[in-house]
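Here is how the chains run, residue by residue.
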Amino acid sequence: MSVANSRERSRPETEDRRNPRRKKRSPLPYIAIAAVLAVGGGLVINQLFGKVEVSAGDGKGTSSTAGKGTTTSAQGTTQQTTQATTPATDPPAIGAGLSYVQPSGAEWYLMLVNDWNEVPDSYDANTTMITIGGQKIDSRIEQATRDMLNAGSAYNIQLVSGYRPKTKQAELYDREVKKWQNTGLSLDDAKKKAATVVKQPGHSEHNLGLAMDLGGSGNNSLNEDFENTEAFRWLKAHCAEYGFILRFPKDGEDKTGVIYEPWHYRYVGKDAAKEIMQRGITLEEYLKERGK
């Protein structure tokens, strides 16, 4: 944002009338000051009734600001800033930079579920779940899951959490909200904080049955320190071979709205998984690029 610095020059002191020999000076009238700076072709800054106008001598980068809501880029072009679209759910996730709403007709394995994309109401009725290691997952990814677990058996990789019905998700979310309220946060702030850790019912990938929390190397606690295990290193290097991705990568919060979760893996099919993991991008970025 361009800012013009203006100073109001104070009036000079009036003559000391007790000294008749001092030359009399007239008071200066109150005027607005225009500063002219010769930089390059010339930069003129005028301030008039709160409006700031900046003109660069090369003809580029003209901006006009009568209030808030405009920015000037490093190249000199002016962009009008707009308020981020509020997601349909309350509260929005942190970093709503990629609040991509997926169009209808997506392949089942590329279905996007986050703060802006909800699991369809009919999903449970039309999906068959099976059980592996005491956890339920979508039957369509059974073979891929078994293959990955078998390949990583040397690291004792196992399912810790799989499919959750919306009722269970609601219970977990409410518990997380109360935890943050107990730290002194207001209800609204507690909801926003909770949503970065546990999604609201219908907005968690666990409600799909295509995502799972994994443990291994003796660490099944679902904490960030899982990234220090051999099991994690193997999963990150090989999960794409079986159609899975590390769903919430480090430093990806502004793309996903979810904290870093080295234990959370999502099935997206081998082609998408290979590209996402090789490029180090998120599912949101991958789908937005393709309009899928």
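Residues numbered from 1 in each chain as written. Predicted model: local features only at pLDDT ≥ 70, side-chain atom pairs only at ≥ 80, totals over all residues. Heavy atoms only, no water.

Caption draft 1: Region of interest: the overall build of the protein. Across its full length, the protein carries seven helices and twelve strands. Residue burial in the protein is summarised as follows: out of 292 residues, 38% are buried. A separation threshold of at least 6 residues defines the contact pool for the protein, and within that pool the share at least 24 residues apart is 59%. Accessible area for the protein stands at about 17300 Å²; split by element, carbon and sulfur atoms hold 49% of it. (Helix = DSSP H or I, 4+ residues; strand = E, 2+ residues; numbered from the N terminus. Buried < 20%, exposed > 50% of the residue type's maximum accessible area, 1.4 Å probe, protein only. Contact = heavy atoms within 4.5 Å. Areas by Shrake-Rupley, 256 points an atom, 1.4 Å probe, with all protein chains shown as cover.)

Caption draft 2: Highlighting the packing of helix 6 (residues 270-279) against helix 7 (residues 283-290). Their axes nearest at 10 Å, the elements helix 6 and helix 7 cross at an angle of 115°. Considered as vectors, helix 6 and helix 7 are oriented roughly perpendicular to each other. Viewed along their axes, helix 6 and helix 7 form a crossing whose handedness is right-handed. Contacts from Ala-272, Glu-275, Ile-276 and Arg-279 in helix 6 reach Leu-283, Tyr-286, Glu-289 and Arg-290 in helix 7. (Axes fitted to C-alpha atoms, helices over the stretch in contact; angles between N-to-C directions. Parallel < 35°, antiparallel > 145°, perpendicular 65-115°, else oblique. Left-handed = near helix turned anticlockwise from the far one by under 90°.)

Caption draft 3: Seen up close, the sheet that holds strand 12 (residues 261-267). The strand order 9-10-12-11 describes an open sheet built from four strands, whose pairing is antiparallel. The open sheet has two free edges, formed respectively by strand 9 (158-161) and strand 11 (244-248), since each of these has just one partner strand. Ignoring which end each strand starts from, the neighbouring axes of this sheet average 50° apart. (Pairing = 2+ DSSP bridges.)

Caption draft 4: Focus on the pairing of strand 12. Among the seven residues that make up strand 12, seven are buried, leaving the element largely enclosed by the rest of the structure. For strand 10 (residues 211-215) and strand 12, the ladder comprises three bridges, and the chain directions are antiparallel. Each residue of the ladder has a partner; that of Ala-211, found in strand 12, is Arg-266. Here four bridges tie strand 11 to strand 12, and the two strands are oriented antiparallel to one another. Pairing of Ile-245 across the sheet is with Arg-266, part of strand 12.

Caption draft 5: Structural detail: the pattern of salt bridges. For the coordinates displayed, the defined rule picks out 18 salt bridges. Of the charged contacts in the structure, one is a salt bridge between Lys-250 and Glu-227, with a shortest N-O distance of 3.1 Å. Of this pair, Lys-250 sits in the loop between strand 11 and helix 5 (253-256) while Glu-227 sits in the loop between strand 10 and helix 4 (230-238), placing them 23 residues apart in sequence. What makes Lys-250 partly exposed here is its relative accessible area of 44%. The partner of Arg-279 in a salt bridge is Glu-275, with the nearest N and O atoms 2.9 Å apart. Residue Arg-279 and its partner Glu-275 are located together in helix 6, separated by four residues, close to a single helical turn. Within this structure, Glu-205, Arg-247, Arg-266 and Glu-284 form a network of salt bridges that share partners. (Salt bridge = Lys/Arg side-chain N within 4 Å of Asp/Glu carboxyl O.)

Caption draft 6: Up close: the confidence of the model for the protein. Of all residues in the protein, 66% have pLDDT values of 70 or greater, and the mean over the chain is 76. Throughout residues 26-96 the model reports pLDDT below 50, and contacts reaching past four residues in sequence, or to other chains, amount to 91 contacts. (pLDDT = per-residue confidence, 0-100.)

Caption draft 7: Expanded view of the nonpolar core. If you look at the biggest cluster of nonpolar residues, it comprises 30 residues, and the most contacted ones within it are Met-148, Leu-214, Leu-235, Phe-244 and Tyr-265. For this core, the elements supplying multiple residues, two or more each, are strand 7 (129-132), helix 1 (142-151), strand 10, helix 4, strand 11 and strand 12. Discounting chain neighbours no more than four positions away, the residues touching Leu-214 are Met-148, Ile-157, Gln-158, Leu-159, Val-160, Leu-222, Phe-226, Leu-235, Trp-263 and Tyr-265. (Core = buried A, V, L, I, M, F, W, Y, C linked by side-chain atoms within 4.5 Å.)

Caption draft 8: Main features of the environment of Ala-190. Structurally, Ala-190 can be placed in helix 3 (residues 187-195). Judged by relative accessible area, which is 0%, Ala-190 ranks as buried. With twelve residues separating them in the primary sequence, Ala-190 and Lys-178 have C-alpha atoms 7.4 Å apart.

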